[in-house]
Amino acid sequence: MASKKNSIEEFEFSDVPYLIAVPEEAEVLHKPSVLVDVAEYKQIESFHKLIVRLKELAKTSTDNVCGVSAIQLGIPFSMFVLQHKGTCATYINPQIQKMEDYKLFVETSLSSPGKQYLTIRANEIEVFYTTPLGQVVGVRLGGQLSAVFQQMVDSLVGVQLGDEDSPFMEYTKDIQYLTEEQINELTQTMQNALRKRKK
(Lines give C-alpha, C1' and ligand atoms only; values in the text may rest on other atoms or scores of the structure.)
Protein backbone atom coordinates (compact mmCIF):
# COMPACT_ATOMS: atom_id res chain seq x y z
CA MET A 1 0.00 0.00 0.00
CA ALA A 2 1.30 3.46 -0.83
CA SER A 3 2.50 5.57 2.04
CA LYS A 4 0.08 8.31 3.11
CA LYS A 5 3.07 10.65 3.15
CA ASN A 6 3.29 10.18 -0.62
CA SER A 7 -0.44 10.25 -1.27
CA ILE A 8 -1.47 11.42 -4.72
CA GLU A 9 -3.74 13.90 -2.95
CA GLU A 10 -0.64 15.81 -1.85
CA PHE A 11 0.24 16.51 -5.49
CA GLU A 12 -1.78 19.15 -7.23
CA PHE A 13 -1.90 18.40 -10.96
CA SER A 14 -0.78 21.94 -11.73
CA ASP A 15 2.36 21.26 -9.68
CA VAL A 16 3.35 18.14 -11.61
CA PRO A 17 6.27 19.25 -13.80
CA TYR A 18 5.92 18.78 -17.52
CA LEU A 19 9.66 18.31 -17.96
CA ILE A 20 11.49 15.12 -17.05
CA ALA A 21 13.84 15.38 -14.07
CA VAL A 22 17.54 14.71 -14.63
CA PRO A 23 19.59 12.61 -12.16
CA GLU A 24 21.96 15.44 -11.29
CA GLU A 25 19.10 17.64 -10.09
CA ALA A 26 16.51 15.26 -8.64
CA GLU A 27 17.32 13.25 -5.52
CA VAL A 28 14.01 11.37 -5.86
CA LEU A 29 15.38 9.57 -8.93
CA HIS A 30 17.78 7.65 -6.70
CA LYS A 31 15.26 6.53 -4.10
CA PRO A 32 12.88 3.57 -4.31
CA SER A 33 9.27 4.26 -5.21
CA VAL A 34 6.28 3.26 -3.09
CA LEU A 35 3.51 0.86 -4.07
CA VAL A 36 0.31 2.38 -5.39
CA ASP A 37 -3.00 1.56 -3.71
CA VAL A 38 -4.99 1.43 -6.95
CA ALA A 39 -8.28 0.69 -5.17
CA GLU A 40 -7.95 4.06 -3.44
CA TYR A 41 -6.30 6.13 -6.15
CA LYS A 42 -8.49 5.09 -9.08
CA GLN A 43 -11.23 7.24 -7.52
CA ILE A 44 -8.98 10.31 -7.51
CA GLU A 45 -9.03 12.55 -10.58
CA SER A 46 -5.45 13.75 -10.22
CA PHE A 47 -4.23 10.14 -10.38
CA HIS A 48 -5.70 9.74 -13.86
CA LYS A 49 -4.36 13.17 -14.86
CA LEU A 50 -0.91 11.96 -13.86
CA ILE A 51 -1.31 8.97 -16.18
CA VAL A 52 -2.34 11.32 -19.00
CA ARG A 53 0.78 13.42 -18.39
CA LEU A 54 3.02 10.33 -18.50
CA LYS A 55 1.44 9.27 -21.80
CA GLU A 56 1.93 12.74 -23.26
CA LEU A 57 5.62 12.63 -22.40
CA ALA A 58 6.09 9.09 -23.71
CA LYS A 59 4.63 10.15 -27.05
CA THR A 60 7.20 12.94 -27.42
CA SER A 61 9.86 10.29 -28.13
CA THR A 62 10.68 9.27 -31.68
CA ASP A 63 11.80 5.81 -30.49
CA ASN A 64 9.61 2.80 -31.30
CA VAL A 65 9.53 2.07 -27.56
CA CYS A 66 9.74 4.69 -24.82
CA GLY A 67 9.00 4.57 -21.11
CA VAL A 68 8.28 7.30 -18.58
CA SER A 69 7.93 6.59 -14.87
CA ALA A 70 6.17 8.71 -12.27
CA ILE A 71 9.46 8.95 -10.40
CA GLN A 72 10.94 10.74 -13.41
CA LEU A 73 8.41 13.49 -12.70
CA GLY A 74 9.48 13.62 -9.07
CA ILE A 75 6.49 11.59 -7.86
CA PRO A 76 7.72 8.43 -6.10
CA PHE A 77 5.00 6.01 -7.17
CA SER A 78 5.63 2.51 -8.54
CA MET A 79 4.12 3.10 -11.97
CA PHE A 80 5.13 3.94 -15.51
CA VAL A 81 3.82 4.23 -19.04
CA LEU A 82 5.29 2.46 -22.06
CA GLN A 83 4.74 3.84 -25.54
CA HIS A 84 5.14 1.25 -28.31
CA LYS A 85 4.71 2.47 -31.88
CA GLY A 86 2.37 5.23 -30.76
CA THR A 87 0.24 3.15 -28.39
CA CYS A 88 0.58 3.66 -24.63
CA ALA A 89 -0.04 1.26 -21.74
CA THR A 90 0.13 1.94 -18.00
CA TYR A 91 1.92 -0.45 -15.63
CA ILE A 92 1.34 -0.07 -11.88
CA ASN A 93 3.28 -1.99 -9.21
CA PRO A 94 5.08 -4.03 -11.90
CA GLN A 95 6.95 -7.22 -11.07
CA ILE A 96 9.20 -9.29 -13.30
CA GLN A 97 8.65 -12.98 -12.63
CA LYS A 98 10.91 -14.60 -15.23
CA MET A 99 13.86 -13.44 -17.35
CA GLU A 100 15.45 -15.34 -20.26
CA ASP A 101 17.91 -15.00 -23.14
CA TYR A 102 20.16 -12.03 -22.28
CA LYS A 103 21.20 -9.77 -25.17
CA LEU A 104 22.79 -6.37 -25.81
CA PHE A 105 20.49 -3.41 -26.43
CA VAL A 106 20.95 0.27 -27.21
CA GLU A 107 18.67 2.34 -24.97
CA THR A 108 17.81 5.98 -24.40
CA SER A 109 16.23 7.76 -21.44
CA LEU A 110 14.28 11.00 -21.29
CA SER A 111 16.27 11.71 -18.10
CA SER A 112 19.50 11.71 -20.17
CA PRO A 113 18.58 13.61 -23.35
CA GLY A 114 20.88 13.18 -26.33
CA LYS A 115 22.61 10.09 -24.95
CA GLN A 116 22.46 6.40 -25.80
CA TYR A 117 23.51 3.51 -23.58
CA LEU A 118 24.65 0.00 -24.36
CA THR A 119 22.86 -2.33 -21.96
CA ILE A 120 22.42 -6.02 -21.39
CA ARG A 121 18.85 -7.16 -20.72
CA ALA A 122 16.72 -10.27 -20.78
CA ASN A 123 15.26 -10.52 -24.27
CA GLU A 124 12.20 -12.36 -22.94
CA ILE A 125 10.42 -11.60 -19.66
CA GLU A 126 7.21 -12.57 -17.89
CA VAL A 127 5.64 -9.80 -15.84
CA PHE A 128 2.68 -8.99 -13.63
CA TYR A 129 1.23 -5.53 -13.09
CA THR A 130 -1.93 -3.71 -12.09
CA THR A 131 -3.97 -1.61 -14.50
CA PRO A 132 -5.39 1.84 -13.59
CA LEU A 133 -8.75 0.09 -13.00
CA GLY A 134 -7.25 -2.33 -10.49
CA GLN A 135 -6.98 -5.48 -12.61
CA VAL A 136 -3.89 -7.66 -12.13
CA VAL A 137 -2.51 -8.75 -15.50
CA GLY A 138 0.25 -11.15 -16.52
CA VAL A 139 1.99 -10.86 -19.91
CA ARG A 140 5.13 -11.96 -21.72
CA LEU A 141 7.26 -9.28 -23.40
CA GLY A 142 10.14 -9.60 -25.82
CA GLY A 143 12.77 -7.57 -27.64
CA GLN A 144 13.07 -3.80 -27.17
CA LEU A 145 9.77 -3.69 -25.29
CA SER A 146 11.22 -6.12 -22.76
CA ALA A 147 14.42 -4.04 -22.47
CA VAL A 148 12.61 -0.75 -21.83
CA PHE A 149 10.26 -2.42 -19.35
CA GLN A 150 13.35 -3.52 -17.40
CA GLN A 151 14.76 0.01 -17.64
CA MET A 152 11.55 1.37 -16.13
CA VAL A 153 11.57 -1.21 -13.32
CA ASP A 154 15.15 -0.13 -12.57
CA SER A 155 14.02 3.49 -12.32
CA LEU A 156 11.39 2.52 -9.75
CA VAL A 157 14.11 1.31 -7.38
CA GLY A 158 16.28 4.39 -7.87
CA VAL A 159 18.55 3.08 -10.64
CA GLN A 160 19.05 5.26 -13.73
CA LEU A 161 20.90 4.54 -16.97
CA GLY A 162 23.38 7.37 -16.51
CA ASP A 163 24.40 6.56 -12.91
CA GLU A 164 28.13 6.59 -12.21
CA ASP A 165 28.04 3.03 -10.85
CA SER A 166 25.90 1.72 -13.72
CA PRO A 167 26.98 -1.64 -15.17
CA PHE A 168 26.04 -0.21 -18.57
CA MET A 169 28.04 2.16 -20.75
CA GLU A 170 27.37 5.12 -22.95
CA TYR A 171 27.03 4.02 -26.56
CA THR A 172 29.49 5.41 -29.09
CA LYS A 173 29.90 4.78 -32.81
CA ASP A 174 33.18 2.95 -32.13
CA ILE A 175 31.22 0.06 -30.57
CA GLN A 176 29.84 -1.00 -33.95
CA TYR A 177 33.39 -1.79 -35.10
CA LEU A 178 34.15 -4.23 -32.29
CA THR A 179 34.95 -7.80 -33.24
CA GLU A 180 32.70 -10.66 -32.18
CA GLU A 181 35.29 -11.66 -29.56
CA GLN A 182 35.39 -8.12 -28.16
CA ILE A 183 31.60 -7.99 -28.03
CA ASN A 184 31.52 -11.29 -26.14
CA GLU A 185 34.09 -9.95 -23.66
CA LEU A 186 32.10 -6.75 -23.23
CA THR A 187 28.90 -8.73 -22.70
CA GLN A 188 30.56 -10.88 -20.02
CA THR A 189 31.96 -7.81 -18.26
CA MET A 190 28.55 -6.16 -18.18
CA GLN A 191 26.87 -9.33 -16.94
CA ASN A 192 29.38 -9.64 -14.09
CA ALA A 193 28.88 -5.97 -13.14
CA LEU A 194 25.12 -6.44 -13.22
CA ARG A 195 25.30 -9.47 -10.92
CA LYS A 196 27.45 -7.55 -8.41
CA ARG A 197 25.05 -4.63 -8.45
CA LYS A 198 22.05 -6.87 -7.67
CA LYS A 199 23.73 -8.47 -4.64
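Refer to the structure presented above.
Only a predicted model underlies this, so the values are computations on that prediction, with no experimental measurement involved.

1. Here we look at the environment of Thr-87
Here Thr-87 lies in strand 3 (residues 87-107). Exposure remark for Thr-87: the relative accessible area of 56% places this residue in the exposed category.

2. Considering the pairing of strand 1 (residues 65-69)
Most of strand 1 sits out of view: 5 of its 5 residues are buried. Judged by which residues are buried, strand 1 turns out to be covered on both faces: Val-65, Gly-67 and Ser-69 on one side and Cys-66 and Val-68 on the other are all buried. Pairing of strand 1 with strand 2 (residues 79-84), which is carried by 5 bridges, proceeds in the antiparallel orientation. Within the sheet, the bridge partner assigned to Ser-69 lies in strand 2 and is Phe-80.

3. With respect to the nonpolar core
Within the largest apolar cluster, 21 residues are counted, with the highest numbers of intra-cluster contacts made by Val-36, Phe-47, Leu-50, Leu-54, Phe-77 and Met-79. Of all elements in the fold, only helix 1 (38-41), helix 2 (45-58), strand 1, strand 2 and strand 3 reach the threshold of two or more residues within this core. The dominant element in this core, judged by the number of residues it contributes, is helix 2, at 6 residues. Aside from chain neighbours lying at most four places away, what touches Met-79 is Val-36, Phe-47, Leu-50, Ile-51, Leu-54, Ser-69, Ala-70, Tyr-91, Ile-92 and Leu-156. Among the nonpolar cores identified, the runner-up in size contains 15 residues, and Ala-122, Ile-125, Tyr-129 and Met-152 belong to it.

4. Here's the deal with the side chain of Ser-61
With respect to the secondary-structure elements, Ser-61 resides in the loop between helix 2 and strand 1. Classification of Ser-61 as buried rests on a relative accessible area of 16%. Of note is the side chain of Ser-61, whose polar atom sits 3.0 Å from the backbone nitrogen of Asp-63. Contact partners of Ser-61, with chain neighbours within four places excluded, come to Cys-66 and Gln-83.

Cut-offs applied
- Residues numbered from 1 in each chain as written.
- Predicted model: local features only at pLDDT ≥ 70, side-chain atom pairs only at ≥ 80, totals over all residues.
- Heavy atoms only, no water.
- Helix = DSSP H or I, 4+ residues; strand = E, 2+ residues; numbered from the N terminus.
- Buried < 20%, exposed > 50% of the residue type's maximum accessible area, 1.4 Å probe, protein only.
- Pairing = 2+ DSSP bridges.
- Core = buried A, V, L, I, M, F, W, Y, C linked by side-chain atoms within 4.5 Å.
- Contact = heavy atoms within 4.5 Å.
- Polar contact = N/O pair within 3.5 Å; in protein donor to acceptor, adjacent residues only side chain to side chain.

No statement about biological role is implied by the geometric values presented.
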